[in-house]
Amino acid sequence: MSAAPTTAPPTSGTANPKPLKVLLICTGVGVEHRGVETLFREMFDGLHGTPGMDVKLLKGAGAETDDEYRVWCLRRDHAPARLLGKLINRPPYVAEQLTSVIPMALAIRRERADVLFTSECNLMMRLFKYRKLIGVDYRLILSNGLPLQPPFYNVDHVQQTA
């Protein structure tokens, strides 16, 4: 019979590791209640409060809480986004995403996120392009449920859902 160890086994990391900071980004949350918007709303509700994670939701409309932020953009269901969409020959939801780039960048900088998770390709491409300017070394994950085809140059990782 061997004696019980006199010291505790080694542990990896620190006693209180820094939580993984995750920003779920969907300008359509609070505007639409369809597939992608519902996915992000439910993902936030399910992950919020998970030990070891600091999850926040950046959305286009709706009430704010401590961990849900409404980020300014031209909402796709309002006339200014429709007008801008016509001017750039794109749908209003593209105008919504493009007008959210600077407010999103400011929120990302403030939160110092480790991971950005989005399905908004127009926004995602700018967040990838301006990462150094934003000044945060985040990883960008695209949830691709759209007809986007590889290769993917403007993202770190892809979750392929379609």
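That block above? That's the structure.
Since we're looking at a predicted model, the values are computed, not measured.

Time to look at the nonpolar core. In terms of nonpolar packing, the biggest core is built from 22 residues, with Ile-25, Leu-58, Ile-108, Leu-116 and Leu-127 touching the most fellow members. Of all the secondary structure elements, the ones that give two or more residues to this core are β1 (20-26), α4 (101-111), α5 (121-129) and β5 (139-144). Broken down by element, the residue count for this core peaks at 5 residues, all from α4. Setting aside anything within four residues of it in sequence, one finds Ile-108 in contact with Leu-23, Ile-25, Ala-113, Leu-116, Leu-127, Ile-134, Val-136 and Tyr-138. If you look at the next biggest cluster of nonpolar residues, it comprises 11 residues, including Leu-24, Val-29, Val-115 and Phe-117.

With respect to the helices, strands and loops of the structure, Thr-118 is situated in strand β4 (residues 115-118). Among the polar contacts made by the side chain of Thr-118, one reaches the main-chain carbonyl oxygen of Ile-25 at a distance of 2.9 Å.

This brings us to the sheet that holds strand β6 (residues 157-160). Read across the open sheet, the 6 strands follow the order β3-β2-β1-β4-β5-β6; overall the sheet is parallel. In this open sheet, the two edge strands, each paired with only one partner strand, are β3 (68-70) and β6. Averaged over all pairs of adjacent strands, the angle between their axes in this sheet comes to 20 degrees, without regard to strand direction. Relative to β4, β1 runs parallel, the two being bridged by 4 bridges. What sits directly across from Val-22, in β4, is Val-115. Strands in contact with α4 are β1, β2 (53-59), β3 and β4; relative to β1, the strand with the most contacts, it is inclined by about 165 degrees. Here α5 sits on the sheet and contacts β1, β4 and β5; the angle it forms with β5, its principal contact strand, is near 165 degrees.

A few words on the pattern of salt bridges. Using the criterion set out here, one finds 16 salt bridges in the structure. Across the pair Asp-77 and Arg-75 runs a salt bridge whose closest N-O atoms are separated by 2.7 Å. Assessed through its relative accessible area of 33%, Asp-77 is described here as partly exposed. Glu-96 is the partner of Arg-76 in a salt bridge, and the nearest nitrogen-oxygen pair spans 2.6 Å. Placement of the pair is Arg-76 in the loop between β3 and α2 (79-88) and Glu-96 in helix α3 (residues 92-99), with a sequence separation of 20 residues. Given a relative accessible area of 12%, Arg-76 falls into the buried group. Assessed through its relative accessible area of 0%, Glu-96 is described here as buried. Shared partners join several salt bridges into a network, and the residues in it are Lys-21, Asp-54, Lys-56, Asp-67, Arg-110 and Glu-111.

The rules we used
- Every chain begins its residue count from 1, and numbering advances along the sequence as written.
- Totals for whole chains, interfaces and linings use all residues, but because this is a predicted model, local features are given only for residues with pLDDT of at least 70 and pairs of side-chain atoms are given and counted only at 80 or more.
- Side-chain metrics rest on all non-hydrogen atoms present in the structure, leaving aside hydrogens and water.
- By convention a nonpolar core is built from buried Ala, Val, Leu, Ile, Met, Phe, Trp, Tyr and Cys residues, the set being connected through side-chain atoms within 4.5 Å.
- Relative accessible area decides the class of each residue, using a 1.4 Å probe on protein chains only: under 20% of the type maximum gives buried, over 50% gives exposed, and in between gives partly exposed.
- Segments assigned H or I by DSSP are reported as helices when at least four residues long, segments assigned E as strands when at least two residues long, and all are numbered from the N terminus.
- Any two residues whose heavy atoms approach within 4.5 Å are treated as being in contact.
- Polar contact criterion, stated in full: a pair of N or O atoms within 3.5 Å, where within protein one must be able to donate a hydrogen and the other to accept it, and residues adjacent in sequence count only if both atoms are side-chain atoms.
- Whether two strands pair depends on DSSP finding at least two bridges between them.
- Axes here mean lines fitted to C-alpha atoms, for a helix over just the part in contact, with angles spanning 0 to 180 degrees between N-to-C directions.
- For this document, the term salt bridge refers to a Lys or Arg side-chain nitrogen within 4 Å of an Asp or Glu carboxyl oxygen.

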